[in-house]
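Results of the structural survey
The chain contents come next:
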Number of protein chains: 6
Amino acid sequence: MKIYICPGSYDPVTSGHADIITRAADHCDKLIIALGENSLKNTFFTLKERIAFLKKVFNGNEKIEIESYSGLTTEYARIKKATALVRGLRAVSDFEYEYQMAMLNRKLNPDVETLFFMASPEYSYISSGAVREFLRNDADITGLVPECIREDIIALSRKKMMK
Amino acid sequence: MKIYICPGSYDPVTSGHADIITRAADHCDKLIIALGENSLKNTFFTLKERIAFLKKVFNGNEKIEIESYSGLTTEYARIKKATALVRGLRAVSDFEYEYQMAMLNRKLNPDVETLFFMASPEYSYISSGAVREFLRNDADITGLVPECIREDIIALSRKKMMK
Amino acid sequence: MKIYICPGSYDPVTSGHADIITRAADHCDKLIIALGENSLKNTFFTLKERIAFLKKVFNGNEKIEIESYSGLTTEYARIKKATALVRGLRAVSDFEYEYQMAMLNRKLNPDVETLFFMASPEYSYISSGAVREFLRNDADITGLVPECIREDIIALSRKKMMK
Amino acid sequence: MKIYICPGSYDPVTSGHADIITRAADHCDKLIIALGENSLKNTFFTLKERIAFLKKVFNGNEKIEIESYSGLTTEYARIKKATALVRGLRAVSDFEYEYQMAMLNRKLNPDVETLFFMASPEYSYISSGAVREFLRNDADITGLVPECIREDIIALSRKKMMK
Amino acid sequence: MKIYICPGSYDPVTSGHADIITRAADHCDKLIIALGENSLKNTFFTLKERIAFLKKVFNGNEKIEIESYSGLTTEYARIKKATALVRGLRAVSDFEYEYQMAMLNRKLNPDVETLFFMASPEYSYISSGAVREFLRNDADITGLVPECIREDIIALSRKKMMK
Amino acid sequence: MKIYICPGSYDPVTSGHADIITRAADHCDKLIIALGENSLKNTFFTLKERIAFLKKVFNGNEKIEIESYSGLTTEYARIKKATALVRGLRAVSDFEYEYQMAMLNRKLNPDVETLFFMASPEYSYISSGAVREFLRNDADITGLVPECIREDIIALSRKKMMK
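The sections below set out a description of the structure shown in this document. (Residues numbered from 1 in each chain as written. Chains lettered and ligands numbered in written order. Predicted model: local features only at pLDDT ≥ 70, side-chain atom pairs only at ≥ 80, totals over all residues. Heavy atoms only, no water.)

1. Thoughts on the relation of the copies chain C and chain B
What counts, and what does not: Least squares is the method for superposing the copies, and the C-alpha atoms it fits come from residues with pLDDT of at least 70 in both.
When chain C is brought onto chain B, the operation consists of a screw motion whose angular component is 120° and whose axial shift is 0.0 Å, with 0.0 Å RMSD remaining. Within this description, the copies of the chain are treated as partners about a three-fold rotation axis. The position closest to the rotation axis in chain C is occupied by the C-alpha of S93(C), lying 4.3 Å away.

2. A word on the relation of the copies chain A and chain B
Mapping between the two copies of the chain is achieved by a rotation about an axis and a shift along the axis. Filter applied, for reference: In what follows, a contact means two residues having at least one pair of non-hydrogen atoms within 4.5 Å.
When chain A is fitted to chain B, the best match, at an RMSD of 0.0 Å, comes from turning it 180° and sliding it 0.0 Å along the axis. What the rotation and shift describe, once combined, is the action of a two-fold rotation axis. Considering only C-alpha atoms, the residue of chain A closest to the rotation axis is F116(A), which sits at 2.4 Å. Both copies share a contact surface, since 100% of the interface residues of chain A are interface residues in chain B too.

3. Some thoughts on the interface of chain A and chain B
Filter applied, for reference: Summed over both partners, buried area is the accessible surface (1.4 Å probe) that two parts give up on being assembled. Each reported salt bridge corresponds to a side-chain nitrogen of Lys or Arg within 4 Å of a carboxyl oxygen of Asp or Glu. Numbering of helices and strands runs from the N terminus, with a helix taken as a DSSP run of H or I at least four residues long and a strand as a DSSP run of E at least two residues long.
Taken together, the 29 residues of chain A in the interface contact 29 residues of chain B. Carbon and sulfur atoms supply 63% of the area buried between chain A and chain B, which totals about 2300 Å² over both sides. The largest share of the area that chain A buries against chain B comes from H27(A), F95(A) and M118(A), three residues that together contribute 29% of it. One can count 2 salt bridges joining chain A with chain B. Its salt-bridge partner being E113(A), residue R23(B) comes within 2.8 Å of it at the nearest N-O pair. Looking at the side of chain A that touches chain B, the elements that each hand over two or more residues are β4 (84-89), α4 (92-108) and β5 (113-118) of chain A. Here the element with the most residues in the side of chain A that touches chain B is α4(A); it accounts for 8 residues.

4. What to know about the interface of chain C and chain B
The interface is formed by 15 residues belonging to chain C together with 10 residues belonging to chain B. Across the chain C/chain B interface, buried area totals approximately 1000 Å², and carbon plus sulfur atoms make up 69% of it. Among the residues of chain C in contact with chain B, Y125(C), F134(C) and N137(C) are the three that bury the most area, contributing 53% of the side total. Where chain C packs against chain B, one counts 0 salt bridges.

5. Comments concerning the side chain of T74(E)
Looking at the element boundaries, T74(E) is found in helix α3 (residues 73-79). If we skip the residues at most four places from it in the chain, T74(E) touches N105(E), L108(E) and N109(E).

6. Some points on the pairing of strand β1 (residues 3-8) of chain A
All names here are of chain A. Note the following rule: Exposure classes here rest on a 1.4 Å probe applied to the protein chains alone. A residue is buried below 20% of its type maximum, exposed above 50%, and partly exposed in between. Any two strands are treated as partners once DSSP identifies two or more bridges connecting them. With strands facing away from the observer, any crossover in which the path from the first strand over the helix to the second runs clockwise is taken as right-handed.
β1 sits mainly inside the fold: 5 of its 6 residues count as buried. Inspection of the sheet shows β1 paired to strand β2 (residues 30-36) by 6 bridges, in the parallel sense. Note on β2: the bridge partner recorded for G8 is L35. Crossover handedness for the path β1 to helix α1 (residues 15-25) to β2: right-handed. As paired elements, β1 and β4 share 2 bridges and run parallel to each other. Residue pairing across strands places Y4 opposite A84, the latter belonging to β4.

7. Considering the state of the cysteines
Covalently bonding the sulfur atom of one cysteine to the sulfur atom of another cysteine gives a disulfide. Formally: A pair of cysteine sulfur atoms is labelled a disulfide when the two atoms are within 2.5 Å.
The full count for this structure, using the stated rule, is 0 disulfides over all chains. The thiol sulfur of C28(A) is not disulfide-bonded, and the nearest other cysteine sulfur, from C6(A), lies at 8.1 Å.

8. Let's talk about the packing of helix α2 (residues 47-58) of chain F against helix α6 (residues 147-162) of chain F
Axes are the key here: two packed helices are described by the angle between their axes and the distance separating the axes. Residues and elements named next belong to chain F. The criterion, for reference: Axis definition: a line fit to C-alpha positions, over the contact stretch in the case of helices; interaxial angles, taken between N-to-C directions, run 0 to 180 degrees. Reported orientations rely on four angle classes, namely roughly parallel under 35 degrees, roughly antiparallel over 145, roughly perpendicular from 65 to 115, and oblique for the rest. Put simply, a crossing is left-handed when the front helix is turned counterclockwise from the back one by less than a right angle, and right-handed when it is turned clockwise. Amino acids are sorted into nonpolar (Ala, Val, Leu, Ile, Met, Phe, Trp, Tyr, Cys and Pro), charged (Asp, Glu, Lys and Arg) and polar (every other residue, Gly among them).
It is the contact of α2 with α6, at a shortest axis distance of 9 Å, that shows an interaxial angle of 165°. Of the possible angle classes, the one that applies to α2 and α6 is roughly antiparallel. With respect to the hand of their crossing, α2 and α6 are arranged in right-handed fashion. Contacts between α2 and α6 involve E49, F53, K56 and V57 from the first element and C148, I149, D152, I153, L156 and K160 from the second. The residue inventory of the contact of α2 with α6, partitioned by class, reads 6 nonpolar, no polar and 4 charged.

9. Considerations on the arrangement of the chains
Separated throughout, chain B and chain D approach each other most closely at a C-alpha pair spaced 11 Å apart. For chain C and chain E, which are not in contact, the least C-alpha distance works out to 11 Å.

10. Structural notes on the pattern of salt bridges
A full pass over the atoms with the stated rule returns 74 salt bridges over all chains. A salt bridge links D19(C) to R23(C), with the shortest nitrogen-to-oxygen separation between them at 3.0 Å. With D19(C) and R23(C) both in helix α1 (residues 15-25) and 4 residues apart, this pair spans about one turn of that helix. When sorted by exposure, D19(C) lands in the same class as R23(C), which is buried. Across the pair D152(F) and K56(F) runs a salt bridge whose closest N-O atoms are separated by 2.8 Å. One end of the pair, D152(F), is in helix α6; the other, K56(F), is in helix α2, and 96 residues separate them in sequence. Exposure remark for D152(F): the relative accessible area of 31% places this residue in the partly exposed category. The class of K56(F) is partly exposed, set by a relative accessible area of 42%. Within the structure, one salt-bridge network assembled from shared partners comprises D19(A), R23(A) and E113(B).

11. Focus: unusual backbone geometry
Glycine aside, residues mostly have negative phi, and peptide bonds are mostly found in the trans state. With an omega of 0°, the peptide bond running from D11(B) to P12(B) counts as cis. Within the secondary structure, P12(B) sits in the loop between β1 (3-8) and α1 (15-25). The backbone of K81(C) shows a phi angle near 60°, a positive value even though the residue is not glycine. Considering the arrangement of structural elements, one finds K81(C) in the loop between α3 (73-79) and β4 (84-89).

Here it is as structure tokens:
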């Protein structure tokens, strides 16, 4: 059984993430969306909220599992018996960071490959950071996030900002 | 059965090619090394010679097949029932060219994905063009090409240049 | 009167060209699409054919004129009393080439600015070269070129290749 | 009337900013230098000080207005009836960030274009951050900022650092 | 006497740093490894610890001296009668940052050149930040740092993290 | 004695070349400008003409010698007892090509380093190709080439084009 891992913070999941994950799932038997619990990094949405968004988006896709993990991604991959990490590439700046990460991860665990998928052009300028910036300004996020969670994201964001 | 295609001209196959192909073969059931017959492009080694080099390098790897094709790569992939094209990424300039090709290929056939593997650092500066330049100057190609074909390549290259 | 110039070879005009030209025309009073007659460069379509395609695409847009010119673009701009050259940017490699050209053109004529528009994501991977490659392989060019000239391009291309 | 907007924090305005703004003003009827009031971002100079520098630099240029705004730049552009945002491009890293911003802004308001001007070579390495670093080390900022405000910047900076 | 300066924070020194420094020392009579004391920047290892690592690595190389400095690097170079700063280049993103720094430093002191060495491929993905990330996760740093200080780094890092 | 080599075709030498060469000569005892005789590559100016231009530009600088060579640059460096090749970096695209070349040259001869100097901003957009394009269009090349050879270049170019 071929198991792939899509690591990330998904704060929140974007249309770009959803596109890469759906395409990657076609190339393996199980795809684990893995949310890193990094205590140093503040997120806008809580781990529980981010997982809830992902569950709603990939509900019904039996190949996809959603989990959280802490520590090194390659160590998590070893435990999960995964053979590859999946990453999307949008731009040249992505490329250089991802190259460095892929080489460091290979050093940590040569049995785990990193597979890259090119972002679809229509999603190439989207990032979780851009979605959060839109939310902060109450701007329309249609198209930036999967439609089925758009209203949930907006409602939750407004509640957070009212605090 | 998961079938991947590694298209290229392999003029000649380098250590970098061999690394990507070996790693990619781990992620599929059959990997076809596909040499495009492009009448517009002159090669240093003939199609027959290039195939012979590849056969010697991958001899014994039962997952790997070597073929030639003409026309569009995506059309060839459709005939072969392949689900992905495999490409290596060495540098930023690779990235931009490969992005354009991946998007055009997806337009031609949305059912064929392009999967990218990062070149290993020790092969990141190697290209078939560099090997040919070394051969033209009778320089030592150790490390640039798989060891088992190094002497064949040198012998054949010298014969060609004496003509 | 603000006059802008869009120089290029348009061999043939693509959906990406049409997008940039239409957007640029909103920012001036007259936009001249200027086809450079460069005797050193072979084109697939003749100057007359390329102009005919452009005329059909921009027919009815009263701001747009289509002309050919020879020699330096900045000299042509001076004669036409244009204040800016318009260029589209798709990728990092475009950026560096265009930077060099813009600086050289400014040296030739400091009164002519170069204005840049970012390519729309959906056209970011399209080039005239890609269209010609599709035509050579009889592949579907829908979306790559403006719809109103798609059939004309295919018909003319087939006639040329039969020769 | 063609209205352009040059958004930024101008902390402080550099020779590079002044060059782009002066060139852009030639292509419109009114150019608004718009200082974003972003409460999350700390600046070295206060909004009032940054506006005072800009006023001194562009004093006498009747096309240029200086304002501050909060919220989304595209919403501010809509209120001001502006048809374009003006941005300078210095380097590849600028290009990728600006591409993402231009596409997001277009999504927010398709009626506002982003126009790009290439930085002049002699200013291509200058940034507000570099000016502040020079000030912190009491180094000579001649050439980095418009000459007419150089002494004001130094005096104000010294006063701030003595606190 | 030709004196070169290798400025940096070396937090900690990596195999990549050691490679560049050793190669650069071949091209001058004295090479000063200069650790900037920047009060704004927090380091993982103290200045004293970082100097101790460097001393152990370059112990016996009579050309190399290790010092700390504060203020502008070009001013420090002037005092030391150095004619060049030495920098390594790993990637495109390095290139753009280093270009800006080299031009600013030349403005500060035209008598000090910046010399660039390309990182060896096997070290091209290594950075002090990556070493620290490995340490935080108790991962194997073999190859990332000079072998003679590997155990010291691990021991010291564990002591720090237990606090 | 420290000997450096500046390889190139100098067709013709530009102000950018002259800047890098002059700066590099400050860091060695002898600098050899080495013109590769590559029979495959057509040049606009003959080897004799290109050498004459260089001689006029560097006449009086006792450190600088001008020679031609054939074959591999690293082999020529070995014969000349040179310890480094000197290259200028203008842009990201330069960087990637130069990285590949530097690594291949090191493989051919590990005793020869490649040293990089950043192009001065005012020369960052100049290339021999741009100079030839200006000459073809009879445009003003002031600033693009060293002033002392400007008229010689123009006269020789006109003579060639009249043929």
